[in-house]
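Listed below, chain by chain, are the residues.
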Amino acid sequence: LWLIYEVRGWYVAGAELFNEAVRNVGSRPQNDSLRSVVAVSEAAESHFIALLGRPDAGAALAERAAATLRELKLAEELAFAYCQMFMSLYLSTQIAQLKQIGQEVLELTDDPWLQANVHDWLSFIARMEGNFDEEEPHNSLVSKLIGSNRDYYLLYWWHLGNVAAALGRGDVIKSGQILEEALEIVKAIEFKRGMHLILYYLGITARSLEDYTSAEAYLLESMQASVELGGKIDNVSALVDLALTLSAKGEMEQALEMAATAYAHPLSGQNTIWNTEPVKERAEALRSQLKREITPEEAAAAWQRGLVADYDRVVADLLETSPRGEIATCN
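From a predicted model like this one, the values you see are computed outputs, not experimental measurements.

Here we look at the nonpolar core
In globular proteins that are soluble, nonpolar side chains generally tend to be buried together. Among the nonpolar cores identified, the biggest contains 104 residues, and Tyr-90, Tyr-156, Tyr-201 and Met-223 are the most heavily contacted of them. Looking at this core, the element that brings in the most residues is helix α5 (residues 75-91), giving 12 residues. Other than its neighbours up to four places away in sequence, Tyr-90 contacts Ile-95, Leu-98, Trp-121, Phe-124, Ile-125, Asn-271, Thr-272, Ile-273, Trp-274, Asn-275 and Thr-276.

Side note on the packing of aromatic side chains
One pass over the full model with this rule turns up 18 aromatic pairs. Their ring planes at 85° and their centres at 6.2 Å tell us that Trp-2 and Trp-113 sit as a pair that is edge-to-face. On the criterion of sequence distance, the pair formed by Trp-2 in helix α1 (residues 2-8) and Trp-113 in helix α7 (residues 112-128) is long-range, its members being 111 residues apart. Between the aromatic rings of Trp-121 and Phe-124, the centroid separation amounts to 6.1 Å while the plane-to-plane angle is 85°, which identifies the pairing as edge-to-face. Of this pair, Trp-121 and Phe-124 are both found in helix α7, three residues apart, which corresponds to roughly one turn of the helix. As far as burial versus exposure is concerned, Trp-121 and Phe-124 are alike and both buried. In this structure an aromatic cluster arises from ring pairing among Trp-2, Phe-80, Trp-113, Tyr-153, Tyr-156, Trp-157 and Phe-191. Here the basic side chain of Lys-280 rests over the ring of Tyr-263, its NZ or CZ set 4.3 Å away from the ring centre.

So, the pattern of salt bridges
Enumeration over the complete set of coordinates arrives at 16 salt bridges. Across the pair Glu-216 and Lys-249 runs a salt bridge, and its minimum N-O distance is 2.6 Å. Of this pair, Glu-216 sits in helix α12 (residues 212-229) while Lys-249 sits in the loop between α13 (233-248) and α14 (252-264); the two residues are 33 residues apart in sequence, bridging distant segments of the chain. Its relative accessible area of 37% is what places Lys-249 among the partly exposed residues. The closest approach of N and O atoms between Glu-253 and Arg-305, which form a salt bridge, is 3.3 Å. In this pair, Glu-253 sits in helix α14 while Arg-305 sits in helix α16 (residues 296-308), placing the two residues 52 residues apart along the sequence.

Parameters and conventions
- Counting restarts for each chain, with residues numbered from 1 along the sequence as it is written.
- Totals for whole chains, interfaces and linings use all residues, but because this is a predicted model, local features are given only for residues with pLDDT of at least 70 and pairs of side-chain atoms are given and counted only at 80 or more.
- Based on all heavy atoms of the structure, the side-chain values leave hydrogens and waters out of the count.
- Side-chain atoms within 4.5 Å link the members of a nonpolar core, which is a set of buried Ala, Val, Leu, Ile, Met, Phe, Trp, Tyr and Cys residues.
- Type-normalised accessible area, obtained with a 1.4 Å probe on protein chains alone, sets the label of each residue: buried when under 20%, exposed when over 50%, and partly exposed for intermediate values.
- The way it works is that DSSP assigns letters per residue, a run of H or I at least four long becomes a helix, a run of E at least two long becomes a strand, and they are numbered from the N terminus.
- A contact between two residues is defined here by any heavy atoms of the two lying within 4.5 Å.
- In this scheme Phe, Tyr and Trp rings, the latter by its six-membered ring, pair at centre separations within 6.5 Å, and the angle between planes marks the pair as stacked below 30 degrees, edge-to-face above 60, and tilted otherwise.
- Look at NZ for Lys and CZ for Arg. If either is within 6 Å of the ring centre and within 35 degrees of the ring normal, a charge sits over the ring.
- For this document, the term salt bridge refers to a Lys or Arg side-chain nitrogen within 4 Å of an Asp or Glu carboxyl oxygen.

All we've got here are geometric facts, nothing functional implied.
Laid out in structure tokens, this is it:
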């Protein structure tokens, strides 16, 4: 059930489903079998809570679940709970703890799906931190663990990791080729978040090719897909990516306004799945860059306008211009 709700993008329903399981059993049953049901349900719920913008609450819930499963000495269930904790730890910028727990999972279980999941995360973190020598062994192990099984969910994340690596090397052509392969996987399993992230990376790829019109269109489609998933932090971060696109076009004041709106959002201290640098830091970095491009007075005024702008209104206005192209349809 966790995988079905994850792939379909039913985050709100997923959080409600597993919370209902806990309520039906009772949060503190005495029977060990029921205690394990509650713990695994709490762990699954934590993943969706994190995706809905509450990673600290997700991490606390997953840790409570893990404590119960450690006490019950259920290694496979504990490994699953730890894997559910990854999203919460990542989005709340607790990267060191994520890496530590990832290593614990590898020692807990020889289940190839769980191991591939861990190596995928560790490869992703290494790549985002620029540790490419550390990334490659994890990436190779993911490929080996997937093997002939061709699990499309894991295969998608492996492809997306290779997209990010290609973009990091500046190989935009290779990135586009991998995105095309990932798009076929996403359509085959109707993976909603997968489509959202492909649209995002298509936007980044287009910007690298200085095709700013396409970059904006893809980023807006990605934001629309995120809204439909119930996501929040992805769209806060996407404002910074749109601001970067605007600045590349020479629209400095508009870029500063948009970056400031992202900076002021309550979730701006979080990461996104595609960037280990919190949104607030990305917005501030763009501000520092653009302050050198226009007068101090213009820069200060634009930043202030963005700080006091209504975030929901800004996003709604942007999405009214979203093209809603055929690519966003997972059919």
